[in-house]
Each structure stands twice: as C-alpha cells, then as structure tokens.
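Listed below are the residues making up each chain.
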Amino acid sequence: MKKLIFVAMAIFSLNANANDNYNIYPTHWWVGMKNPKLQLIIHSNNISGYSKATVNNAGVKVDRVSRGESKNYLFIDLTIQPGAKTGTMNIVLSGNGLNAQTLKYELKQKSKQDGVGRIKGVTSEDLIYLLMPDRFANGDPNNDYFPDMRDGGHSRDNPFDRHGGDLQGVTSHLDYLKDLGVTAVWMTPVNENDMARTLENGTMRSTYHGYAFTDQYNVDRRLGGNAAYKELVETAHSKGIKIIQDAVYNHLGRDHWSVLDLPMKDWLNQWPSYQNTSYKEQPLVDPYASAIDSKITLDGWFTPFLVDLNQRNPYVSNFLIQYAIWSTEEFGFDAWRVDTYFYNDPVFLNKINDALVAEFPKVTVFGETSVTQVLNAAYFCQNNINAPFKHNCQGVTDFPVFYAMIDALNQPFGWNEGMSKLYQTLAQDVLYKNPMRNEIFLDNHDQDRFFSMVGENFKKYKMGMAMLMTLRGIPQLYYGDEILMKNTRNPTDAEVRKDFPGGWSDDKKNKFVSADRNDNENEAFDYVKALAGFRKTSSAIKTGKFMQFVPQDGLFVYFRYDNKQTVMVVLNTNDKDMKPDWSRFEERIKGFTKARNVVSGTTHSIRDMEIDSHNGFVFELLK
Ligand SMILES: [Ca+2]
Ligand SMILES: [Ca+2]
C-alpha cells in the first residue's frame with residue numbers, strides 16, 4: 001500500500017509541477033566562476049506571469065525575477081556562491097496565484113585546466129590557419145543533411161549550398177596542419193545556423209559560412225554538434241594546436257529563437273523602415289561626424305536577414321556576455337575573433353572583452369576591422385590615440401598591412417607605391433598599443449585568393465609568404481594558400497570558398513598528401529612549411545623587435561631581432577638583380593659576417609650578396 005501511494009504521488013508531482021516544454025539560456029553554468037552573477041532566460045509559453053523563484057541549492061541565491069514584454073520569457077538573476085552544490089537543481093516558479101512550476105538547471109564545476117591545458121590565448125608565437133568547416137573536409141557524411149532543419153538540402157555542385165564539410169573533417173586533418181607548421185586553427189563560426197535560405201543578389205543561398213546564428217548554445221548539427229567540437233578542441237590541444245572561435249555579437253540570423261519571438265521590442269535595433277548599415281567606420285572615428293551617420297553604422301542592419309542586436313539593452317548585453325563566457329568554459333578554446341567588430345556598441349564591446357579576460361586571464365581577442373587606414377584600425381583596439389573613447393580590444397585583423405603587402409608586391413615602386421606603401425603603413429604602428437597582437441594575412445574568406453591577387457606569379461607568392469611569416473603580428477594562412485588555391489570573388493565570394501581537394505572521399509585528387517600535389521603545389525607547400533618551421537624556432541620573429549630601413553629602388557630590407565638572434569628579410573621588387581650597399585644596414589648587421597637562407601639552408605657572405613630581381617629571402621645572420 002505504501003509503495004502505491006509513493007508511485008501515485010510521484011505521478012501527481014510530475015503532472016502538477018514539471019514543465020518539459022521550456023528552454024533555459026545559458027543551458028547550464030558552473031560553480032567557481034570569478035563572477036558569481038548569472039542571468040537566466042527562461043523561454044516557455046506564457047511563463048512571464050511568475051513573480052517568484054526558489055532553488056533547492058543553499059549556495060545559490062535568487063536576486064531577482066523580471067519579465068520582458070513577451071509573455072513567453074522570464075529572467076532570473078542568480079548569485080552562485082563558491083560553495084554551491086554541483087549537479088541538477090530545481091528552480092520552482094510561483095506567484096500571482098499560478099500553479100507552481102519546477103524547472104531543472106545544472107551547475108557543473110569550473111575546469112581547473114583553464115589557462116594551463118586550455119584557454120591559453122593566441123599570440124605572435126602562433127601561426128593561424130583559417131578555414132571554413134563546410135568547405136574543408138567531410139569527416140562524417142551522415143551529418144550532411146537533416147530534414148528537420150530549415151535549409152532544405154545540400155549539394156557540392158551549388159556554390160551557395162552546404163557541401164557537407166564538418167568538424168570531424170578538421171580533426172582528421174590536424175596532423176596535416178601540424179606538419180605544415182600551423183599552431184592555431186580559426187574556423188568561421190560553428191554555432192547553429194538553422195536558417196531558411198535567403199535570396200541574395202538573385203540566388204537562393206544557405207548560410208554555409210556560419211555567420212547567421214540561430215542558437216549560441218548549440219554547435220550546428222551539420223558540423224557535428226557540441227560533441228564533435230569538444231573532441232576537436234581536445235584533440236587539437238593534445239597535438240599542440242590552439243583553437244580560435246569566431247564570435248558574432250552584432251547580429252543574429254532572422255530565424256534565431258529570440259527574433260522569431262522577441263523578448264522585448266528593443267531587443268533589436270528597430271527603425272521606422274528597413275535601414276541597412278552604411279558599412280562605414282569613419283563616423284565612429286571622425287570628430288566631426290553627425291549623430292545620424294554613427295547611428296546608421298552602429299544600429300543599421302548588416303543585411304535584411306542578419307538582424308541587429310541592441311547591446312544597450314542590459315538583457316541583450318548579459319545574453320551575449322554569458323554566451324561568450326559559456327562557450328569558452330564549455331569548449332576550452334583559446335581565443336576569440338570577433339566578427340564585424342566596429343558595428344557593435346562600443347561600451348558593450350569593452351564590457352564583453354573585460355568580462356572574458358576577467359574570467360579567463362590568458363584568453364586573447366582580436367576584432368575584425370575591415371578598414372583601409374591604420375588610424376581607423378588602431379582606433380578599434382588598445383591604442384595611443386588621444387580620442388574621447390578608448391577601445392580595449394587586444395588587436396585587430398590588420399587590413400591596412402594586408403592592403404600594403406598586396407600593393408608592395410603588385411605596384412611598381414614609387415615614393416608612396418609598392419614597397420614604400422608597406423614601409424609607410426608599418427611606420428604608423430606608433431598608433432597601436434601593441435601591434436604584435438594584430439592578426440596579419442594575405443587573404444581570407446572575404447578576399448580574392450592571394451595567389452590570384454598576385455597574378456599567379458610564384459615569385460610574388462613566395463615574397464608574400466616571406467613577409468607574412470616575418471612581419472610583426474600573428475600570421476594567418478587561409479586554407480589552400482599552401483597548395484596555391486586560386487580564384488577571385490567574381491562573380492561571388494563562393495569562388496574563394498571552394499572545397500579543399502581531397503576533403504571528400506570521392507575527390508579525384510587528395511592534396512592533403514604530397515603524392516597528389518603537382519610540383520608547383522609541393523614547392524609552395526614545402527616553402528610555407530620551411531618558413532613556418534623556422535618561425536616556430538625563431539625568438540626574433542616570435543617575440544623580438546622590428547626595424548625597417550627606407551626602401552630604395554624597390555628594395556626593402558627589414559630586421560627582426562632580439563639579444564639571441566637577428567633575422568634579415570630582403571625583398572627586391574626591382575626588375576634588376578641588385579647588389580645592395582650593405583653598409584646602409586650596418587646598424588643591424590654589425591658583428592655578423594654570414595647570412596643563412598632559412599628556406600634553402602645555403603650560407604652566404606652578407607656583404608657580397610646580390611639579390612635576384614623579384615625575389616625575397618629570409619636570412620638568419622651568423623657571426
Ligand atoms: Ca558531413
Ligand atoms: Ca550593430
């Protein structure tokens with residue numbers, strides 16, 4: 001009899017109190033975080049009537065229960081004390097005469113490896129490899145397509161469709177990346193993009209690139225989900241490779257749960273009629289800017305289907321900050337790249353960066369700042385500019401140096417052109433607090449491929465790679481650069497996001513292996529690998545100083561040095577072989593007699609060297 005009563009009560013309690021039809025964000029949290037505060041978003045039909053919450057965990061205090069404008073959201077502010085119990089706790093909602101409801105919420109113990117075996121930051125000692133998971137390698141053909149997701153299919157024949165690449169594909173090729181000398185992988189976003197296709201420039205497109213989030217707490221199932229991401233991060237770390245997560249704070253995909261059911265009207269930046277951002281950063285830097293121009297840059301939408309978040313709303317700000325903290329702790333990756341950096345509210349940006357660094361002291365952050373001028377790039381990170389607002393981001397994606405490197409290779413030498421442009425650009429580093437934290441690159445997923453930009457000229461390719469691997473900052477390769485993948489964004493950027501040959505089992509060639517690469521591809525791969533290998537051992541390049549000499553007649557000579565090592569980079573863009581007047585560089589070559597070519601291994605007498613036309617060399621100086 002007793003047993004029967006117990007069973008009956010259990011059923012009663014389930015029926016009366018439990019509600020399985022809810023989502024809580026963040027999906028779980030941790031005990032032991034430096035910031036004990038947590039704001040939960042409860043998303044469930046007609047949940048907003050509750051005014052009170054209690055928890056069955058003595059270490060957890062409910063500070064506040066609040067609601068937005070939608071009936072379907074409730075916000076609960078908690079303080080989680082260091083001694084709080086881990087495990088699943090009950091949150092019981094009550095008040096306003098409503099039947100009490102019980103929600104389940106899990107607290108885990110924060111990792112003790114943060115900053116030791118994981119979350120270590122990416123620095124100028126690293127070499128980054130940027131890839132697009134959908135286009136790199138298909139490690140699991142079973143996850144290519146899910147009929148219950150909004151995007152109705154996949155086809156490798158359509159440049160705007162998903163192609164089936166995934167995180168398992170990246171994990172399976174970590175040894176390839178390690179062999180190339182890569183120490184950090186940045187992937188375009190892995191978060192769920194359960195978006196219906198959108199019409200862009202006349203074609204229906206999927207968001208295979210990942211920049212249209214529909215859920216911050218799920219890695220896209222087509223990439224393998226959270227489990228595959230965890231496995232990738234852990235496997236990468238075990239091989240000495242770091243992972244950089246691509247963050248999007250500025251916007252959401254229009255099929256995001258919080259857009260389909262807005263918690264409150266000002267969750268988004270709303271306009272009387274559709275307003276696109278101008279994509280111009282100048283109104284944010286310009287002391288003479290009008291308020292409306294700044295507002296259009298910041299609050300205008302990136303596209304009609306990428307809706308702009310109002311980060312001045314504290315609930316939005318908390319939501320984004322907690323997603324950043326949650327992702328870092330949950331997956332243990334090492335650094336953040338922040339998409340569309342300057343389009344975000346600047347006060348919010350400083351707040352989220354501070355929150356990340358406070359929780360994870362070694363984490364590093366660089367912001368995507370697609371601008372042409374050094375001043376405007378420096379403005380959006382820690383700088384020496386005397387402006388009223390100070391950004392706190394550690395570094396930027398260094399577009400001015402990117403444009404300068406391409407011009408240095410392609411333009412005829414002039415007072416302001418060719419190598420002079422690169423020299424002049426670097427001479428403005430005085431604006432940055434620490435330019436070594438900038439990410440430098442020759443191309444990325446939004447640019448023409450580097451080999452095409454230099455007209456498929458192999459000598460220019462090699463000079464570019466020599467610059468990339470030796471200039472100040474954190475170098476970044478774009479997948480396929482090492483095997484001379486080419487193309488321009490004509491007609492669209494899908495052309496520069498082609499599948500890596502060999503990433504799919506039915507590919508005719510597997511260019512992950514040298515036997516399937518042609519001679520030029522192998523030469524490129526070996527050249528990049530040799531430079532990366534040298535860089536890895538070179539204190540002068542990784543952490544040393546930089547000195548550049550005024551370019552003359554198309555010849556640019558610069559040095560990386562510290563008290564252990566001196567590296568000299570010589571770039572000759574002149575149509576003639578040149579015998580430089582080496583005495584001009586005496587300041588740095590004093591005490592050295594020989595120069596070892598770090599790629600070929602040949603050693604030369606410094607002061608007798610001639611530099612071939614349209615060639616660049618990296619030398620380690622020897623006594
Ligand atoms: Ca797949
Ligand atoms: Ca914005």
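Residues numbered from 1 in each chain as written. Chains lettered and ligands numbered in written order. Predicted model: local features only at pLDDT ≥ 70, side-chain atom pairs only at ≥ 80, totals over all residues. Heavy atoms only, no water.

K.L.:
A description of the overall build of the protein chain should follow, citing residues and the corresponding values.
P.N.:
Scanning the protein chain from N- to C-terminus turns up 18 helices and 28 strands. The C-alpha radius of gyration of the protein chain comes to 27 Å, within 12% of the 25 Å expected for a compact globule of 623 residues. On the principal axes, the C-alpha backbone points of the protein chain span a range of 100 × 55 × 50 Å. For the protein chain, buried positions account for 60% of its 623 residues. Carbon and sulfur atoms provide 51% of the accessible area of the protein chain, an area that totals close to 24,900 Å². (Helix = DSSP H or I, 4+ residues; strand = E, 2+ residues; numbered from the N terminus. Rg over C-alpha atoms; globule rule 2.2 N^0.38 Å. Buried < 20%, exposed > 50% of the residue type's maximum accessible area, 1.4 Å probe, protein only. Areas by Shrake-Rupley, 256 points an atom, 1.4 Å probe, with all protein chains shown as cover.)

K.L.:
Summarise the sheet that holds strand β2 (residues 29-31); cite the residues concerned and give the values.
P.N.:
Pairing in this open sheet of 4 strands is mixed, and the strands run β2-β8-β7-β4 from one edge to the other. Here the strands that pair on one side only, and so sit at the sheet edges, are β2 and β4 (52-55). Between one strand axis and the next, the sheet turns by 40 degrees as a mean value, whatever way the strands run. Seen against the sheet, helix α9 (residues 314-331) touches β2 and β8 (101-109) and runs at an angle of roughly 70 degrees to β2. (Pairing = 2+ DSSP bridges. Axes fitted to C-alpha atoms, helices over the stretch in contact; angles between N-to-C directions. Contact = heavy atoms within 4.5 Å.)

K.L.:
Could you give me a rundown of the nonpolar core, with the residues and numbers involved?
P.N.:
Counting 173 residues, the largest nonpolar core has Tyr129, Tyr229 and Tyr249 as the members making the most contacts within it. Element by element, the count of residues in this core is highest for α9, at 10 residues. Beyond its immediate chain neighbours, meaning those up to four positions away, Tyr249 contacts Leu309, Gln311, Leu320, Tyr323, Ala324, Trp336, Val338, Asn344, Phe348, Leu349, Ile352 and Leu356. Counting residues in hydrophobic clusters, the runner-up holds 20 residues, among them Phe559, Val570, Trp582 and Ile589. (Core = buried A, V, L, I, M, F, W, Y, C linked by side-chain atoms within 4.5 Å.)

K.L.:
Quick one: what's the story with the coordination of the calcium ion (ligand 1), residue by residue and with numbers?
P.N.:
Reference values for angles at a metal are 109.5 degrees in the four-donor tetrahedral case and 90 or 180 degrees in the six-donor octahedral case. Looking at the metal site, the calcium ion (ligand 1) is ligated by Asn138 (OD1), Asp140 (O), Asn143 (OD1), Asp144 (OD), Gly164 (O) and Asp166 (OD), spaced 2.3 to 2.6 Å from it. Here the donor residues of the calcium ion (ligand 1) are spaced in sequence according to N-x1-D-x2-N-D-x19-G-x1-D. In terms of burial, Asn138 and Asn143 fall into one category: buried. (Donors = N, O, S within 2.8 Å, 3.2 Å for Na, K, Ca; no water.)

K.L.:
Explain helix α15 (residues 458-470) to me, and be specific about the residues and the numbers.
P.N.:
Over its 13 residues, α15 runs 18 Å from end to end, which matches the ideal 18 Å to within 8%, given 1.5 Å per residue. Along α15, the residues that are buried comprise Phe458, Lys460, Tyr461, Met463, Gly464, Met465, Ala466, Met467, Leu468, Met469 and Thr470. At the N-terminal boundary of α15, the capping side chain belongs to Asn457, with an oxygen 2.9 Å from the backbone nitrogen of Lys459. (Expected span 1.5 Å × (residues − 1). Polar contact = N/O pair within 3.5 Å; in protein donor to acceptor, adjacent residues only side chain to side chain.)

K.L.:
Explain the domain arrangement of the protein chain to me, using residue names and the numbers behind them.
P.N.:
Examined at the domain level, the protein chain breaks down into domain 1 (13-109), domain 2 (128-255 + 335-356 + 367-512) and domain 3 (543-622). The gap between the C-alpha centroids of domain 1 and domain 2 is 37 Å. (Domains from an automatic or database assignment.)

K.L.:
So what's going on with the state of the cysteines? Which residues, and what values?
P.N.:
Per the stated rule, a full pass over the model turns up 0 disulfides. With no disulfide of its own, Cys381 lies closest to Cys393 among cysteine sulfurs, the gap being 6.8 Å. Since its relative accessible area comes to 1%, Cys381 is described here as buried. (Disulfide = S-S within 2.5 Å.)

K.L.:
Tell me about the packing of aromatic side chains, and name the residues and values.
P.N.:
Overall, the coordinates contain 51 aromatic pairs when judged by the stated rule. With a centroid separation of 5.5 Å and 55 degrees between ring planes, the pair formed by Trp29 and Trp30 is classed as tilted. The exposure class assigned to Trp29 is buried, which follows from its relative accessible area of 4%. When the ring of Tyr73 is compared with that of Trp257, the centres are 6.3 Å apart and the planes differ by 35 degrees; the resulting orientation is tilted. Placement of the pair is Tyr73 in strand β6 (residues 73-80) and Trp257 in helix α6 (residues 257-260), with a sequence separation of 184 residues. Residues Tyr73 and Trp257 agree in their burial class; the two are buried. Residue placement shows Arg205 over the ring face of Phe160; its charged tip is 4.2 Å from the ring centre. (Phe/Tyr/Trp six-rings, centres within 6.5 Å; stacked < 30°, edge-to-face > 60°. Lys NZ or Arg CZ within 6 Å of the ring centre and 35° of its normal.)

K.L.:
Before we move on, could you go through the coordination of the calcium ion (ligand 2) and cite the residues and values that matter?
P.N.:
Donor atoms from the polypeptide that coordinate the calcium ion (ligand 2) comprise Asn250 (OD1), Leu298 (O), Asp308 (OD), Asp308 (OD) and Tyr343 (O), at 2.2 to 2.6 Å from the metal. In primary sequence terms, the donor set of the calcium ion (ligand 2) follows N-x47-L-x9-D-x34-Y. In this pair, Leu298 sits in helix α8 (residues 291-299) while Tyr343 sits in the loop between β18 (335-338) and α10 (346-359), placing the two residues 45 residues apart along the sequence. Each member of the pair, Leu298 together with Tyr343, is buried.

K.L.:
So what about the environment of Lys351? Which residues, and what values?
P.N.:
Relative to the helices and strands, Lys351 is located in helix α10. On the accessibility criterion, Lys351 (45% relative accessible area) is partly exposed. If sequence neighbours within four positions are ignored, Lys351 has contacts with Ser317 and Ile321.

K.L.:
Summarise the pairing of strand β26 (residues 594-597); cite the residues concerned and give the values.
P.N.:
Covered by surrounding structure in β26 are Ala595 and Asn597 only, the residues Lys594 and Arg596 on the alternate face being uncovered. Sheet topology note: the β26/strand β27 (residues 603-605) ladder contains 3 bridges and is antiparallel. Of the residues in β27, the one forming a bridge with Arg596 is Thr603. Counting the residues that bridge the hairpin from β26 to β27 gives 5 residues, and of these Gly601 lies at a positive phi of roughly 85 degrees. Pairing of β26 with strand β28 (residues 615-622) involves 4 bridges; the strand directions are antiparallel. Directly across from Arg596, in β28, lies its bridge partner Glu620.

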